[in-house]
Amino acid sequence: MQKSYTTSLLLSFFLGTLGIHRFYTGYTGIGIVQLLTGGGCGIWALIDFINICFNNYGDANGQPLRDVNPVLGKVFFGLWVLLFICGIIPVLTGLL
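The structure presented is a predicted model; accordingly, all values stated were derived computationally and were not measured. (Residues numbered from 1 in each chain as written. Predicted model: local features only at pLDDT ≥ 70, side-chain atom pairs only at ≥ 80, totals over all residues. Heavy atoms only, no water.)

I'm lost on the environment of C41 in this one. Help?
Counting through the fold element by element, C41 comes out in helix 3 (residues 28-41). When the C-alpha positions of C41 and T17 are compared, they lie 7.6 Å apart, and in sequence the two are 24 residues distant. (Helix = DSSP H or I, 4+ residues; strand = E, 2+ residues; numbered from the N terminus.)

Whenever I open this one, the nonpolar core confuses me. Can you help?
Buried together is how nonpolar side chains tend to be arranged in soluble globular proteins. Listed in full, the 9 residues of the largest apolar core are Y5, L9, F13, F49, I52, C53, Y57, L65 and F76. Of all elements in the fold, only helix 1 (5-15) and helix 4 (43-53) reach the threshold of two or more residues within this core. In contact with F13, not counting residues within four places along its chain, are F49, F76, L79, W80 and L83. (Core = buried A, V, L, I, M, F, W, Y, C linked by side-chain atoms within 4.5 Å. Buried < 20%, exposed > 50% of the residue type's maximum accessible area, 1.4 Å probe, protein only. Contact = heavy atoms within 4.5 Å.)

Please clarify how the state of the cysteines should be interpreted in this entry.
Each disulfide consists of a covalent bond between the sulfur atoms of two cysteine residues. Taken as a whole, this structure holds 0 disulfides when the rule is applied. Between C53, a free cysteine, and C86, which holds the nearest cysteine sulfur, the sulfur-to-sulfur gap is 17 Å. The exposure class of C53 is buried, given its relative accessible area of 2%. (Disulfide = S-S within 2.5 Å.)

Help me understand helix 4 in this model?
Along helix 4, the residues that are buried comprise A45, D48, F49, I52 and C53. Along helix 4, the residues classed as buried sweep out an arc of 135° about the axis, all on the same side. N55, located one to two residues past helix 4, shows a positive phi value of around 55°. (Arc of directions from axis to C-beta.)

Just to check I follow, could you spell out a nonpolar patch on the surface for this structure?
A surface patch of nonpolar side chains, about 730 Å² in accessible area, is lined by L10, F14, L15, L18, F23, I32, L35 and L36. Put simply, the parts of the chain that give the nonpolar patch at least two residues each are helix 1 and helix 3. In this structure, L15 sits in helix 1. (Patch = residues over 30% accessible without salt bridge, like charges linked within 9 Å, V, L, I, M, F, W, Y side chains within 5 Å. Areas by Shrake-Rupley, 256 points an atom, 1.4 Å probe, with all protein chains shown as cover. Salt bridge = Lys/Arg side-chain N within 4 Å of Asp/Glu carboxyl O.)

Looking at this structure, how should I read the environment of Y57?
By secondary structure assignment, the location of Y57 is in the loop between helix 4 and helix 5 (70-95). Sequence-wise, Y57 and L92 are 35 residues apart; in three dimensions their C-alpha atoms are separated by 34 Å. Sequence-distant contacts of Y57, defined by excluding residues within four places in its chain, comprise H21, R22, T25, Y27, D48, N51, I52 and L65. At 3.1 Å, the side chain of Y57 and the side chain of T25 are in polar contact. (Polar contact = N/O pair within 3.5 Å; in protein donor to acceptor, adjacent residues only side chain to side chain.)

What is the right way to look at the packing of aromatic side chains in this model?
Centre distance and the angle of the planes are the two values used to describe a pair of aromatic rings. Under the defined criterion, the tally for this structure stands at 7 aromatic pairs. Ring plane angle 80° and centroid distance 5.1 Å describe the contact between F13 and F76, whose orientation is recorded as edge-to-face. Of the two residues, F13 sits in helix 1 while F76 sits in helix 5, which places them 63 residues apart along the sequence. Each member of the pair, F13 together with F76, is buried. Ring centres of F54 and F77 lie 5.3 Å apart, and the angle between their planes is 65°; this geometry places the pair in the edge-to-face category. Remark: F77 occurs in helix 5 and F54 occurs in the loop between helix 4 and helix 5; sequence separation between them is 23 residues. (Phe/Tyr/Trp six-rings, centres within 6.5 Å; stacked < 30°, edge-to-face > 60°.)

This is the structure in structure tokens:
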């Protein structure tokens with residue numbers, strides 16, 4: 001059975017560093033590695049999140065995710081960028 005795009009996107013956005021989206025899509029082994037490494041120190045989780053946002057991600061059976069919503073992916077990617085910028089500004093102003 002195909003896995004949901006929306007569910008994968010939300011799991012990746014909120015719990016990506018724990019690899020929960022990997023467990024959901026059937027990649028149990030990779031999910032365990034992401035869980036133990038904090039999503040590859042966040043980098044691996046970010047790559048997965050971007051791939052899901054732009055529909056370059058499938059489940060472990062090679063099936064594409066169902067109910068793909070490109071607008072939702074772009075909105076969540078934009079939200080991530082906004083949160084990143086809001087988080088980095090205080091760090092940069094503290095250094096100046």
